[in-house]
Amino acid sequence: MLLIISIILSSPVKAAGASENLSELLIPTLNGLAGKPIPGTSPVEYYPSSLKSAYKPTETMVSDTNNLPVNTIVKYEIKEVKKYYDPMTGIEVPSADREPGGTYREVVTKEEVAHYYKVSLTQTEYGDKKATNAKPLYFKWTEVDGKKVLTQDG
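These notes cover the structure that comes with them. (Residues numbered from 1 in each chain as written. Predicted model: local features only at pLDDT ≥ 70, side-chain atom pairs only at ≥ 80, totals over all residues. Heavy atoms only, no water.)

Moving on: the overall build of the chain. Helix and strand counts for the chain stand at two helices and seven strands. Walking the chain from its N terminus toward its C terminus, one meets helices and strands in the order β-β-α-α-β-β-β-β-β. Looking at the chain alone, contacts between residues at least 24 apart form 53% of all its contacts between residues at least 6 apart. Total accessible area computed for the chain in this model is approximately 12,200 Å², and 54% of it derives from carbon and sulfur atoms. (Helix = DSSP H or I, 4+ residues; strand = E, 2+ residues; numbered from the N terminus. Contact = heavy atoms within 4.5 Å. Areas by Shrake-Rupley, 256 points an atom, 1.4 Å probe, with all protein chains shown as cover.)

Written out as structure tokens, the structure reads:
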């Protein structure tokens, strides 16, 4: 089985890739890295196990495939399909019309099946709405032990 992915973002940008495993494609990158070794580190360091992605894909139905909603991922699954034909007429015979013990010509073809996923944020609100003296917080990248760390500024 081969899967092909294309992404349609808020602007008409498209990207493509392939994977053998549909469930692997549904795992956001950061979630897949959580707890795994960081390549090229010696001694071996690990991504934090609490690492979570800021987005989640949710399978959705699309009525107009020529006008997809923003932030929609289209994954094309290539799968084998068996079709049966009448050997005398060459006409395809649907499974409901096939007679038990009948003779049919079996043809295996590959078909592309589209799966649509809406990509949304896992968290959309931050902070305490009830705070009366809330001030905006500012952050900056700071270098600590040769690594960039996000710290509060001010």
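Having put the structure on the table, let's press on.
Okay, the packing of aromatic side chains next. One pass over the full model with this rule turns up zero aromatic pairs. Lying over the aromatic face of Tyr117, Lys75 brings its terminal NZ or CZ to 4.7 Å of the ring centre. (Phe/Tyr/Trp six-rings, centres within 6.5 Å; stacked < 30°, edge-to-face > 60°. Lys NZ or Arg CZ within 6 Å of the ring centre and 35° of its normal.)

As for its position among the elements, Thr103 is in the loop between β4 (72-85) and β5 (105-121). In this structure, the C-alpha to C-alpha distance between Thr103 and Tyr84, residues 19 residues apart in sequence, is 9.4 Å.

Two elements, strand β3 (residues 55-60) and β5, share six bridges in a ladder whose sense is antiparallel. The residue of β5 that forms the bridge with Lys56 is Ser120. Of the strand pairs in this sheet, β4 and β5 are connected by 14 bridges, and their pairing is antiparallel. Directly across from Thr72, in β5, lies its bridge partner Lys118. (Pairing = 2+ DSSP bridges.)

Before going further, it helps to spend a moment on the side chain of Glu77. As for its placement among the helices and strands, Glu77 is situated in strand β4. For Glu77, the side chain forms a polar contact with the side chain of His115, separated by 2.9 Å. (Polar contact = N/O pair within 3.5 Å; in protein donor to acceptor, adjacent residues only side chain to side chain.)

Attention shifts here to the side chain of His115. Structurally, His115 can be placed in strand β5. Non-local contacts of His115, meaning those with residues more than four positions away in its chain, are made with Glu59, Ile73, Val74, Lys75 and Glu77.

To continue, consider the pairing of strand β7 (residues 147-153). Within a regular strand, side chains alternate between the sheet's two faces. With seven bridges connecting them, strand β6 (residues 138-144) and β7 associate as antiparallel partners. Within β7, the position partnered with Glu143 by the bridge is Lys148. Where β6 folds back onto β7 in an antiparallel hairpin, the turn is made up of two residues, including Asp145, whose phi is positive at roughly 50°.

Remember, this is a structural readout, not a statement about activity or role.
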